[in-house]
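A structural walkthrough
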Amino acid sequence: MTHLEAGDRVDAVQPARVTSPVTGLTSAEVAQRVAGGQINDVPVRSSRSLTEIVRANVFTRFNAIIGVLWVIMLAVAPIQDSLFGFVILANTGIGIVQEWRAKKTLDSLAVIGEVRPTVRRDGKAAEIATSGIVLDDLIEIGPGDKAVVDGVCVEADGLEIDESLLTGEADPVVKQPGDRIMSGSFVVAGGGSFQATRVGREAYAAQLAEEASRFTLVHSELRTGISTILKYVTWMMIPTAIGLIISQLVVKDNELKDSIARTVGGIVPMVPEGLVLLTSVAFAIGVIRLGRKQCLVQELPAIEGLARVDTVCLDKTGTLTEGGMDVTGLHVLGDGDEAYIRRVLGELGSADPRPNASLQAIIDAYPDTTDWRLTDTLPFSSARKYSGATFDEGAGGEAATWLLGAPDVLLEPRDPALAETVRMNEEGLRVLLLARVREGVDVDDPEAARGVRPAALVVLEQRLRPDAADTLRYFAEQDVRAKVISGDNAVSVGAVAAKLGLSGTAVDARGLPADRDAMAGAMDEGTVFGRVTPQQKRNMVGALQSRGRTVAMTGDGVNDVLALKDADIGVAMGSGSEATRAVAQIVLLNNSFATLPSVVAEGRRVIGNITRVATLFLVKTVYSVLLAVLVVISQVEYPFLPRHLTLLSTLTIGVPAFFLALAPNKERARPNFVRRVMRYAIPGGLVAALATFATYLLAREYYTGAGSLEAETSAATLTLFLISIWVLAIIARPYTWWRIGLVAAMGGAFVVVLVVPWLQHFFALKLVGMTMPWTAAGIAVVAAGMLELLWRRVDRRLRE
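Residues numbered from 1 in each chain as written. Predicted model: local features only at pLDDT ≥ 70, side-chain atom pairs only at ≥ 80, totals over all residues. Heavy atoms only, no water.

**What about the overall build of the protein?**
- A count of helices and strands for the protein gives 27 helices and 21 strands.
- Across the 800 residues that make up the protein, the buried fraction comes to 57%.
- Within the protein, residue pairs in contact and separated by at least 24 positions form 74% of the contacts whose partners lie at least 6 positions apart.
- In the structure as shown, the protein presents an accessible area of about 32,700 Å², 57% of it carried by carbon and sulfur atoms. (Helix = DSSP H or I, 4+ residues; strand = E, 2+ residues; numbered from the N terminus. Buried < 20%, exposed > 50% of the residue type's maximum accessible area, 1.4 Å probe, protein only. Contact = heavy atoms within 4.5 Å. Areas by Shrake-Rupley, 256 points an atom, 1.4 Å probe, with all protein chains shown as cover.)

**Here's the deal with the side chain of glutamine 585**
- The topology assignment puts glutamine 585 in the loop between α20 (578–583) and β21 (586–588).
- The buried category is assigned to glutamine 585, whose relative accessible area is 11%.
- Polar contacts involving the side chain of glutamine 585 include one to the main-chain amide nitrogen of glycine 570, which spans 2.5 Å. (Polar contact = N/O pair within 3.5 Å; in protein donor to acceptor, adjacent residues only side chain to side chain.)

**A word on the sheet that holds strand β9 (residues 311–314)**
- One open sheet holds the eight strands; their spatial order is β8-β21-β20-β19-β9-β16-β18-β17, and the pairing between them is mixed. Looking at strand neighbours, the two that pair on one side only are β8 (295–297) and β17 (506–508), the edges of this open sheet. Adjacent strand axes in the sheet meet at a mean angle of 20°, parallel and antiparallel pairs treated alike.
- Both strand β20 (residues 569–573) and β21 contribute to a ladder of three bridges, which runs parallel. Within β21, the residue paired with valine 571 across the bridge is isoleucine 586. (Pairing = 2+ DSSP bridges. Axes fitted to C-alpha atoms, helices over the stretch in contact; angles between N-to-C directions.)

**Observations regarding the pattern of salt bridges**
- If you walk through the whole model with that rule in mind, you get 25 salt bridges.
- Ionic pairing is found between arginine 531 and aspartate 408, a salt bridge with its closest N-O pair at 2.8 Å. Taken together, the positions of arginine 531 in the loop between β18 (528–530) and α18 (534–546) and aspartate 408 in helix α13 (residues 407–410) put the pair 123 residues apart, joining distant regions of the chain. The two residues arginine 531 and aspartate 408 agree in class, both being buried.
- Three or more residues are tied together by salt bridges with common partners; here these are Asp408, Asp508, Arg510 and Arg531. (Salt bridge = Lys/Arg side-chain N within 4 Å of Asp/Glu carboxyl O.)

**Comments concerning the pairing of β20**
- Along β20, five of the five residues are buried, which leaves the element largely enclosed by surrounding structure.
- On β20, burial covers both faces: Ile569, Val571 and Met573 on one face and Gly570 and Ala572 on the other are all buried.
- When strand β19 (residues 551–555) meets β20, the two strands line up parallel, connected through four bridges. Each residue of the ladder has a partner; that of glycine 555, found in β20, is alanine 572.
- Between β19 and its parallel partner β20, the chain crosses via helix α19 (residues 561–566), and the hand of that crossover is right-handed.
- Remark: the β20/α20/β21 crossover connection has right-handed handedness. (Right-handed = clockwise from strand over helix to strand, strands pointing away.)

**Topic: the nonpolar core**
- Core analysis: the largest hydrophobic core is formed by 130 residues, its most contacted members being Leu306, Ile586, Phe593 and Phe750.
- When sequence neighbours within four positions are dropped, the list of residues in contact with isoleucine 586 reads Cys295, Leu296, Ala302, Leu306, Ile569, Gly570, Val571, Ala572 and Val599.
- By size, the runner-up hydrophobic cluster in this structure holds 27 residues, among which are Ala189, Met519, Ala522 and Leu564. (Core = buried A, V, L, I, M, F, W, Y, C linked by side-chain atoms within 4.5 Å.)

**Describing the packing of aromatic side chains**
- Under the defined criterion, the tally for this structure stands at eleven aromatic pairs.
- Ring centres of phenylalanine 658 and phenylalanine 659 lie 6.1 Å apart, and the angle between their planes is 85°; on these two criteria the pair is classed as edge-to-face.
- With relative accessibility at 30%, the residue phenylalanine 658 sits in the partly exposed group.
- Grouped by ring-pair contacts, the aromatic residues Tyr340, Trp372, Phe391 and Trp402 constitute a single cluster. (Phe/Tyr/Trp six-rings, centres within 6.5 Å; stacked < 30°, edge-to-face > 60°.)

**Concerning a positive patch on the surface**
- On the surface, a cluster of positive charge is made up of Arg675, Arg679, Arg793, Arg796 and Arg797.
- For the positive patch, the element with the most residues is helix α27 (residues 771–799), which contributes three residues.
- Mapped onto the fold, arginine 793 is located in helix α27.
- Residue arginine 793 is classed as partly exposed on the basis of its relative accessible area of 46%. (Patch = residues over 30% accessible without salt bridge, like charges linked within 9 Å, V, L, I, M, F, W, Y side chains within 5 Å. Lys, Arg positive; Asp, Glu negative; His and termini not counted. Charge placed at Lys NZ, Arg CZ, Asp CG, Glu CD.)

**With respect to the packing of helix α21 (residues 596–634) against helix α23 (residues 673–702)**
- Look at α21 against α23: their axes get within 7 Å of each other, and the N-to-C directions meet at 40°. Between α21 and α23, the interaxial angle falls into the category oblique. Our pair here, α21 against α23, has a crossing hand that is right-handed.
- Residue classes in the contact of α21 with α23 are distributed as 21 nonpolar, six polar and no charged. (Parallel < 35°, antiparallel > 145°, perpendicular 65-115°, else oblique. Left-handed = near helix turned anticlockwise from the far one by under 90°. Nonpolar A, V, L, I, M, F, W, Y, C, P; charged D, E, K, R; others polar.)

**Notes on helix α25 (residues 737–755)**
- Its 19 residues place the ends of α25 27 Å apart at the C-alpha level, agreeing with the 27 Å of an ideal helix rising 1.5 Å per residue.
- Residues of α25 that are buried: Arg739, Leu742, Val743, Met746, Gly747, Phe750, Val753 and Leu754. In an axial view of α25, the angular spread of the buried residues amounts to 125°, which keeps them on one side of the axis. Structural note: α25 exposes Trp737 and Val755 on the side pointing more than 90 degrees away from its buried face. (Expected span 1.5 Å × (residues − 1). Arc of directions from axis to C-beta.)

**Focus on the confidence of the model for the protein**
- Mean pLDDT over the protein stands at 81; residues scoring 70 or higher make up 90%.
- Throughout residues 1–20 the model reports pLDDT below 50, and contacts reaching past four residues in sequence, or to other chains, amount to 46 contacts.
- When the criterion is pLDDT under 50, residues 209–218 qualifies, and its contacts beyond four places in sequence or with other chains add up to 26 contacts. (pLDDT = per-residue confidence, 0-100.)

**Points about a nonpolar patch on the surface**
- A surface patch of nonpolar side chains, about 370 Å² in accessible area, is lined by Leu74, Ile79, Phe86 and Leu89.
- Here leucine 74 is to be found in helix α3 (residues 61–76).
- Residue classification places leucine 74 among the partly exposed positions, given a relative accessible area of 43%.

**A look at the environment of leucine 627**
- Looking at the element boundaries, leucine 627 is found in helix α21.
- The buried category is assigned to leucine 627, whose relative accessible area is 1%.
- Each C-alpha atom, one on leucine 627 and one on threonine 240, is 9.7 Å from the other, the two residues being 387 residues apart in sequence.

**A closer look at the pairing of strand β14 (residues 430–436)**
- Burial analysis of β14 places seven of its seven residues in the buried class, the great majority of the element.
- As paired strands, strand β13 (residues 399–405) and β14 are joined by four bridges and run antiparallel to one another. Across the sheet, the residue bridging to glycine 405 is leucine 433, located in β14.
- Sheet analysis places β14 next to strand β15 (residues 453–464), joined by seven bridges and oriented antiparallel. By the bridge assignment for β15, leucine 433 is matched with leucine 457.

Given below as structure tokens:
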């Protein structure tokens, strides 16, 4: 894909003839293009199809292994030795159902959050679905709008477009009629329209946009870690399984079917078959839970990412405050005429077809009552911090150019109006300056802001979000640092933050160093940052990340786009600009900042619980591999049939893991998933394997005669179960009533199997005598004590 140069004009690619570039296509022309297939057929957002979901859940490496072994067992052994196959069928079915539910949730939310561009047809503008655009459509754009197809600029009113996501060029590009507008770029100032020249999959950024919006299960530390673990497990399984097969079928002169059954019994538990399932189910249920709270997860790993966040950067407007504002005062400076100032403000409001929240408040307070002629405009820009317009007052009046923007940007440092501005900022009020430009200077002149004549201060009050204080308090309690980054005056932003309970130093970003290390230091010390430019927001995120911070960025305006894209997790408001919703991983469709704690909590629940259950599964894998190695070395029968390990896996791993994976968990996720899990799984599996094999060897010496192998197996099964239930008891901490009940229920189920005659027969488990069962229990108690000591030592090391 070739990179564009900023400001490229169109030569080779010209739009087809349109009846009128002002009125757009007619209905007949639209129908003609639809019939000809000249439509924007790239889906805005997509999730996996049902076929893809079934394929991903059914056709896995371990399902293939288990499937082959299941078929063998169905042919040579009783049905109870084939139970593991039915468990795999149930697991696969659960995975398909849960991901299908998640897909439906995502698809329904995607419709709500879909970008709806404004298209002019038959002279009328209307919002339509992105997929409804056809070739040569006339698309209107304004601040925050994203170009969804390639086109040519037809109308431009101070139109400035950011193409940095395509070209890497940070500065906005001024567009004039005839200039190229590329899909993936977005408007930062002004407005206009462009005519679609490439739609659908021919558009420059279509493939990129489709992939960026896809519901995905990749690029996740958790899933990557599990894949790494499964790769190592496969490497261990192959040689161990070969040795076990040779040992049971060749070295020992056993009956063929029994040898096959015990061989399969040794191989099956090596497979952590439920781990991937539970991970997918936990993520899918997380998506469903968040969907119920109107939170659209555009990239699934975002749930995991927010769980790891330790710094959240908040844009004030639209996040801590609601979008609307109210004008609370007008302070005329000097000997100005207040009635005249009101008329000027009314004209400035009517001059902008797409007013921001501040200008909309002025429009509401000072409606346009004049017949002045607008001759030139300058739309508001986050980089400039002001907007402007030139009016011809007519009837003997004169042409005058006015600017409306930040007082500390437009005024000289020692101007007395600044002192009054600072006082109002300290009260949390927002203040705009109305100023007249020097004669002979155009409104779009880069020097227009120099030497202006102050006319009035417009005081606006921002509406605080009622839930913002509670949300900030939640982040503080969870040890997540909040940084407020805003384009507004630092003192004003600091006062708003203080009202919400967020204390800290307020810093004017214009004095921040450009060096990344120095900026990172300033970010550590400060809490509130004002007068931040869009590029500075991006640099701030990078500076925090350079210190090892995991950064989430929230925002709703076009000035947040670059920072949202670079942050580890970008969170956009549903009412925000199209550009912010396009680059964010999470969209809060209800525009509620209070939803963020739910997202963080969901991520922590998923990560923390999967770490817990992964330990359960991998302890089983480790002890299964070690038991097989010990059997091969000792040249004895494998102690278990598949039915025994199916019973143990169900009671100590399968059922409890499902409940533990969905339980509440508020612990912040920590890195190095594989290392953390294996540090518990290896010593746990080692202790379980050695203790179980010791019981088995003692039982072989103790029992003789007919039925001795079943008695030996029963004693070894008792030891392994008691150790496994203790592993479960450790994993289930900290205890709650339901966790204690879960462990007790699993233990009680095993007791029922041991005492009910038909279950004894079904599972081939019968404890013979008193000496060996108590010996097996004693060995398990010693092993449990060793587990406690080893895992506490691991805990201390991981905390260091």
